Amino acid sequence: MQPRNDWTREEIQHLYEQPFLDLLFQAQQVHRAHFQPNQIQVSTLLSIKTGKCPEDCKYCSQSAHYDSQLEAERRITVEKVVQEAQIAKASGSSRFCMGAAWRNPHERDMPYVLEMVKEVKALGLETCMTLGMLNASQAERLKDAGLDYYNHNLDTSREYYSHIISTRSFDDRLNTLDHVRQAGLKVCSGGIVGLGENQQDRIGLLHELSTLPIHPESVPINMLVPIAGTPLAELERLDVTEWIRTIAVARILMPNSYIRLSAGRESLSDSDQALAFMAGANSLFSGEKLLTTPNAGAGQDQRLFKKLGLQVEKARPSISQLGIDAMA
Ligand code: SAM
Ligand code: DTB
Ligand code: SF4
């Protein structure tokens, strides 16, 4: 059955405001009807170009508009990326996500990223990139090179967006998502909580994501990692139950999507993470680092998975890796 994409804000608000335990129970029921309940998908992130980003996202360590003390780094070599991807694969990741601090890739960057996709894909990993805005032709070339997923977050509600980012609009984001979909790439799109938004903004974000023509296959729900020097550095921390509610409602609205417990996991206890899994999160980023901030390393995660009896989902071989292309 096709999942619904005609959710109303009122329905979403009703789901969101339920007693916490009712919400968790409902989300877990939806989760069990659509996924193996004890399996978790693991991705690894790598920053391929760090810092000096022209965009002014108020949460980000990589924006050139703020003094976050981050050491900027030019494009790293494809060879280095492949080495990191091999390490990620050996530690159990099924997807490798490459991120660049760009407003959009320039044409001169395209041969570099296309070569990278081909080489990482050849290792048998799923590939994901997050490079900022894409035009239709760039999305098509990434698809042709073998890219599986493109990450491009809506981040927050349409109403709150301009409070967080002024160098692009919410519609710019939707346009890129449209190019990504039209090119036949899988979509990874989610948001951040804890940006000083209110509950209506979290509901607004969930409404935008769940009423896209096709739900994103992957929905990362980040919690703000406060970065010294950025405008959001001193914000009061959002209560963790609001993050878990956001995950649970995302699970109910988008039952076939992988919901990812993303940035901010470092600050969660094992039992908070278990609650997030109960709420339907079935994916996470592993590895010592996200893009620029620390994250739970593979060893720490293996211990958690063992404790909770979770199994890591294996990468599904693509049709071309099965040799079906050659037989056709
Ligand atoms: N430059 C690309 C873009 O903006 O699409 C890709 C990289 S950007 C770092 C990817 C996402 O990471 C953002 O959309 C945001 O949701 C998340 N993010 C960035 N900084 C964060 C922070 N300090 N805390 C939590 N999430 C963060
Ligand atoms: C997403 O939603 N979260 C990831 C990934 N997509 C690219 C990035 C998190 C970045 C956290 C802050 C940092 O490490 O700089
Ligand atoms: Fe640049 Fe992405 Fe950071 Fe925004 S979130 S400043 S676009 S790297």
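Residues numbered from 1 in each chain as written. Chains lettered and ligands numbered in written order. Predicted model: local features only at pLDDT ≥ 70, side-chain atom pairs only at ≥ 80, totals over all residues. Heavy atoms only, no water.

Asker: Looking at this model, I keep getting lost on the site of ligand 2. Mind explaining?
Answerer: Taken together, 13 residues sit near ligand 2, with N153, N222, L291, T292 and T293 positioned nearest. In this structure, N222 approaches ligand 2 through a side-chain N or O atom, which is 2.8 Å from an oxygen atom. Between T293 and ligand 2, the recorded distance is 2.8 Å, taken from a side-chain N or O atom to an oxygen atom. Out of a free accessible area of 400 Å², ligand 2 has 88% covered by protein chains. When the residues that make up the shell around ligand 2 are grouped by side-chain class, the tally is 6 nonpolar, 7 polar and no charged. (Near = heavy atom within 4 Å. Polar contact = N/O pair within 3.5 Å; in protein donor to acceptor, adjacent residues only side chain to side chain. Areas by Shrake-Rupley, 256 points an atom, 1.4 Å probe, with all protein chains shown as cover. Nonpolar A, V, L, I, M, F, W, Y, C, P; charged D, E, K, R; others polar.)

Asker: How should the site of ligand 1 be read in this particular structure?
Answerer: What surrounds ligand 1 is a group of 16 residues, the closest being T130, N153, D155, R173 and V225. Separating an oxygen atom of ligand 1 from a side-chain N or O atom of R173 is a distance of 2.8 Å. Within the backbone of V225, one N or O atom sits 2.9 Å away from a nitrogen atom of ligand 1. For ligand 1, whose free accessible area comes to 560 Å², the fraction covered by protein is 89%. Residues belonging to the shell around ligand 1 are distributed by class as follows: 10 nonpolar, 4 polar and 2 charged.

Asker: Explanation requested: the UniProt feature "domain: Radical SAM core" (unreviewed entry) in the protein chain in the structure shown.
Answerer: On the UniProt side, "domain: Radical SAM core" (unreviewed entry) is annotated at positions that read residues 38-256 here. Taken end to end, residues 38-256 has its terminal C-alpha atoms 16 Å apart, with 37% of it in helix and 17% in strand. (UniProt positions renumbered as here; feature names shortened; annotations may be inferred. Helix = DSSP H or I, 4+ residues; strand = E, 2+ residues; numbered from the N terminus.)

Asker: Just checking my understanding: could you explain the packing of aromatic side chains for this structure?
Answerer: Two measures describe an aromatic ring pair: the distance that separates the ring centres and the angle between the ring planes. For the structure on display, the rule yields 2 aromatic pairs. When the centroid spacing of 4.9 Å and the interplanar angle of 70 degrees are considered together, the rings of F35 and Y258 count as edge-to-face. Residue F35 is located in the loop between α2 (20-34) and β1 (39-49), and its partner Y258 is located in strand β8 (residues 258-261); the two are separated by 223 residues in the primary sequence. For the residue pair F35 and Y258, the accessibility class agrees, reading buried in each case. Arranged with centres 5.4 Å apart and planes meeting at 80 degrees, the rings of Y161 and F170 form a pair that is edge-to-face. As far as the burial class goes, Y161 and F170 line up, both buried. Directly above the aromatic system of Y112 lies the positively charged group of R75, at a separation of 4.1 Å from the ring centroid. Residue placement shows R260 over the ring face of F285; its charged tip is 4.7 Å from the ring centre. (Phe/Tyr/Trp six-rings, centres within 6.5 Å; stacked < 30°, edge-to-face > 60°. Buried < 20%, exposed > 50% of the residue type's maximum accessible area, 1.4 Å probe, protein only. Lys NZ or Arg CZ within 6 Å of the ring centre and 35° of its normal.)

Asker: I tried to follow helix α5 (residues 136-145) on my own but got confused; where do I start?
Answerer: Listed in full, the buried residues belonging to α5 are Q138, A139, L142 and A145. Burial along α5 is one-sided: seen end-on, the buried residues are contained in an arc of 125 degrees. Of the surrounding secondary structure, the elements contacted by the buried residues of α5 are α4 (110-121), β3 (126-130), β4 (149-151) and α7 (170-182). Where α5 begins, the side chain of N135 points an oxygen toward the backbone nitrogen of S137, at a separation of 3.2 Å. Phi turns positive, to about 110 degrees, at G146, one or two residues after α5. (Arc of directions from axis to C-beta. Contact = heavy atoms within 4.5 Å.)

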